[in-house]
Amino acid sequence: MRAFGVTRAFGRTVALAATLTLAAPGRAADTIRLAVQKTGTFSWELAAIRASGLDREAGLSLEVTELASTEAGKIAMRAGSADIILSDWLWVSRERALGAKLSFYPYSSALGAVMVPAASPIKTLADLRGRKLAVAGGAIDKSWLLLQARMKQDGIDLKSEATIVYGAPPLIAAKALDGEMDASLNFWNFCAQLEAKGFRRLAGIEDILPKLGAKGAVSAVGYVFDESWAASHREAIARFIAMTRKAKQLLVTSDAAWEKIAPLTGTTDPAMLKTYRDRYRDGIPRRSIDEEEEDARVLYRVLAEIGGRDLVGPAAELDPGTFYHAVPGD
């Protein structure tokens, strides 16, 4: 099934590239300003793009500003100092409801997971009752809210029936390794670190989404840009997306490409690097924009119900303009 998905995604890349007129020799490349979290996986993709010359092939000049956090990227977008950042469709929809017309295009469906030590007696999510669960990202983190929604279907209120500790992702991972928590819910790359250290995935958030109404893998994170900027840079965005698809395909098929970006992952451990590689590949979007948007609408309602206005703002439904639909082949 995965091979079919990769083939389908690559076919879309070829179809998209065939519809574009790349920059002619001598023509100045179009500049796109990117605000990127320094330790995030987008930096891996950009490194693969530059190492293989995909930016030059696409006729794009990528100006990258490295930031300390995803929140800093949002600030850069609001200030008009970045053309594209990574964020989620939940934030984009909220911003649109508040008047900022942003657009979202899928980047990754890789989500977090509940991790436990290999020898833990915890075998199912129901076993988290009465346990100490560390949660990365805070009380309104999407993965945490989705996990709560799933457990409430079984009559379990994890927020009150377990001891919940919140913290930054690196701290949560460190506490898990030190054995201070019975279980942890963390972002996918930190889960990969734990997995490489022998921890067990009790459940990935992607595993619970079908129970909440999703029909497939949902890209929670995507490329985000201003709607008006997109309207005046339509061809550049199409080339940007074609370029990133080629980079993802390269990272699917070439272990050598991973060797080039290995320093950016922060590890020299072959087992951990392999886990990063496998989880990254699993998260590459392989569905149509319509399919992605349909599931996002379903999950938005779940999140709005459990997270309330603190999470989604004034809109009870996903804003209809949240997903970007102007890419050929989608």
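Everything quoted here is computed from the prediction, not taken from an experiment.

*Asks:* In this structure, what is going on with the overall build of the chain? I would like to understand it.
*Replies:* Within the chain, the regular secondary structure consists of 16 helices and ten strands. When burial is assessed residue by residue, the chain has 53% of its 330 residues classed as buried. Contacts in the chain between residues far apart in sequence, at least 24 positions, make up 80% of those at least 6 positions apart. Charge-centre separation for the chain: the mean point of 42 positive side chains lies 2 Å from the mean point of 40 negative side chains.

*Asks:* Honestly, the environment of Asp 330 in this entry has me stumped. Any pointers?
*Replies:* Take Asp 330: it is sitting in the segment after helix H16 (309-312). Using a relative accessible area of 25% as the deciding quantity, one classes Asp 330 as partly exposed. Here the alpha-carbon distance between Asp 330 and Ile 289, two residues 41 residues apart in the chain, equals 6.2 Å.

*Asks:* So what exactly am I meant to see when it comes to the sheet that holds strand S10 (residues 221-226) here?
*Replies:* Consider a sheet: its strands pair through backbone hydrogen bonds, and that pairing is either parallel or antiparallel. In spatial order, the strands read S3-S10-S4; together these three strands make up an open sheet with antiparallel pairing. Of all strands in the sheet, those bounded by a partner on one side alone are strand S3 (85-88) and strand S4 (102-108). This sheet shows a mean twist of 45 degrees between the axes of neighbouring strands, independent of strand direction. In the sheet, S3 pairs with S10 via four bridges, with the strands oriented antiparallel. What sits directly across from Ile 85, in S10, is Val 224.

*Asks:* Please explain the packing of aromatic side chains as it appears in this structure.
*Replies:* How two aromatic rings sit relative to each other is set out by the distance from centre to centre and by the angle between their planes. Enumeration over the complete set of coordinates arrives at twelve aromatic pairs. Taken together, a centroid distance of 6.4 Å and an interplanar angle of 40 degrees make the contact between Trp 44 and Tyr 280 tilted. Of this pair, Trp 44 sits in helix H2 (residues 42-51) while Tyr 280 sits in helix H14 (residues 270-282), and the two are 236 residues apart along the sequence. The exposure classification of Trp 44 matches that of Tyr 280, with both residues buried. Aromatic ring contacts, followed pair by pair, group Trp 44, Trp 188, Trp 258, Tyr 276 and Tyr 280 into a single cluster.

*Asks:* Where do I start with the confidence of the model for the chain in this structure?
*Replies:* Should the pLDDT be low somewhere, the predicted coordinates at that spot are not to be read in detail. Averaged over the chain, the pLDDT score is 89; the fraction of residues at 70 or greater is 92%. Helix H1 (residues 2-19) is the least confidently modelled element of the chain, averaging 45 in pLDDT, while strand S5 (residues 113-116) averages 98, the highest of any element. For residues 1-7, every residue scores under 50 in pLDDT, and the model assigns this stretch six contacts once sequence neighbours within four places are set aside. Segment residues 13-24 is flagged for pLDDT under 50; beyond a separation of four residues in sequence, or across chains, it makes 20 contacts in the model.

*Asks:* How do you make sense of the pairing of S10 when you look at a structure like this?
*Replies:* When a strand is regular, its side chains alternate between the sheet's two faces. The sheet contact formed by S4 and S10 spans six bridges and is antiparallel. Bridge pairing in S10 places Pro 106 opposite Gly 222.

*Asks:* Even after reading the chapter, I still don't get the nonpolar core, so can you show me in this structure?
*Replies:* Nonpolar side chains in soluble globular proteins tend to end up buried together. Core analysis: the largest hydrophobic core is formed by 94 residues, its most contacted members being Trp 89, Leu 147 and Phe 240. For this core, the element with the highest residue contribution is helix H12 (residues 234-253), accounting for eight residues. The residues touching Trp 89, leaving out its near neighbours within four places in the chain, are Phe 104, Val 218, Ser 219, Ala 220, Ala 296, Leu 299, Tyr 300, Leu 303, Leu 318, Thr 322 and Phe 323. Residues Ala 113, Met 115, Ala 176 and Cys 191 belong to the second largest nonpolar core, which totals six residues.

*Asks:* Before we go on, may I ask you to explain the pairing of strand S8 (residues 183-186) in this structure?
*Replies:* Neither face of S8 is exposed, since Ala 183 and Leu 185 on one face and Ser 184 and Asn 186 on the opposite face are all buried. Note: S5 against S8, three bridges, orientation antiparallel. Each bridged residue has a counterpart across the sheet, and for Met 115 the counterpart in S8 is Ser 184. Pairing between strand S6 (residues 132-136) and S8: three bridges, direction parallel. What sits directly across from Leu 133, in S8, is Ala 183.

*Asks:* How should the packing of helix H5 (residues 89-97) against helix H15 (residues 289-307) be read in this particular structure?
*Replies:* Each packed pair of helices is defined by two parameters, the angle between the axes and the distance between the axes. Contact pair H5 / H15: the axes reach a minimum separation of 11 Å and the direction vectors enclose 75 degrees. Considered as vectors, H5 and H15 are oriented roughly perpendicular to each other. Judged by residue contacts, Trp 89, Leu 90 and Ser 93 of H5 engage Ala 296, Leu 299, Tyr 300 and Leu 303 from H15. For the contact of H5 with H15, a count of residues per class yields six nonpolar, one polar and no charged.

*Asks:* I would appreciate a short explanation of the sheet that holds strand S7 (residues 163-167) in the present structure.
*Replies:* Taking strand neighbours across the sheet as the criterion, the five strands line up as S7-S6-S8-S5-S9 in an open arrangement whose pairing is mixed. Each of the sheet's edge strands pairs with one partner strand only, and the pair in question is S7 and strand S9 (200-204). Here the average twist between neighbouring strands, direction ignored, is 25 degrees.

Calculation notes
Residues numbered from 1 in each chain as written. Predicted model: local features only at pLDDT ≥ 70, side-chain atom pairs only at ≥ 80, totals over all residues. Heavy atoms only, no water. Helix = DSSP H or I, 4+ residues; strand = E, 2+ residues; numbered from the N terminus. Buried < 20%, exposed > 50% of the residue type's maximum accessible area, 1.4 Å probe, protein only. Contact = heavy atoms within 4.5 Å. Lys, Arg positive; Asp, Glu negative; His and termini not counted. Charge placed at Lys NZ, Arg CZ, Asp CG, Glu CD. Pairing = 2+ DSSP bridges. Axes fitted to C-alpha atoms, helices over the stretch in contact; angles between N-to-C directions. Phe/Tyr/Trp six-rings, centres within 6.5 Å; stacked < 30°, edge-to-face > 60°. pLDDT = per-residue confidence, 0-100. Core = buried A, V, L, I, M, F, W, Y, C linked by side-chain atoms within 4.5 Å. Parallel < 35°, antiparallel > 145°, perpendicular 65-115°, else oblique. Nonpolar A, V, L, I, M, F, W, Y, C, P; charged D, E, K, R; others polar.

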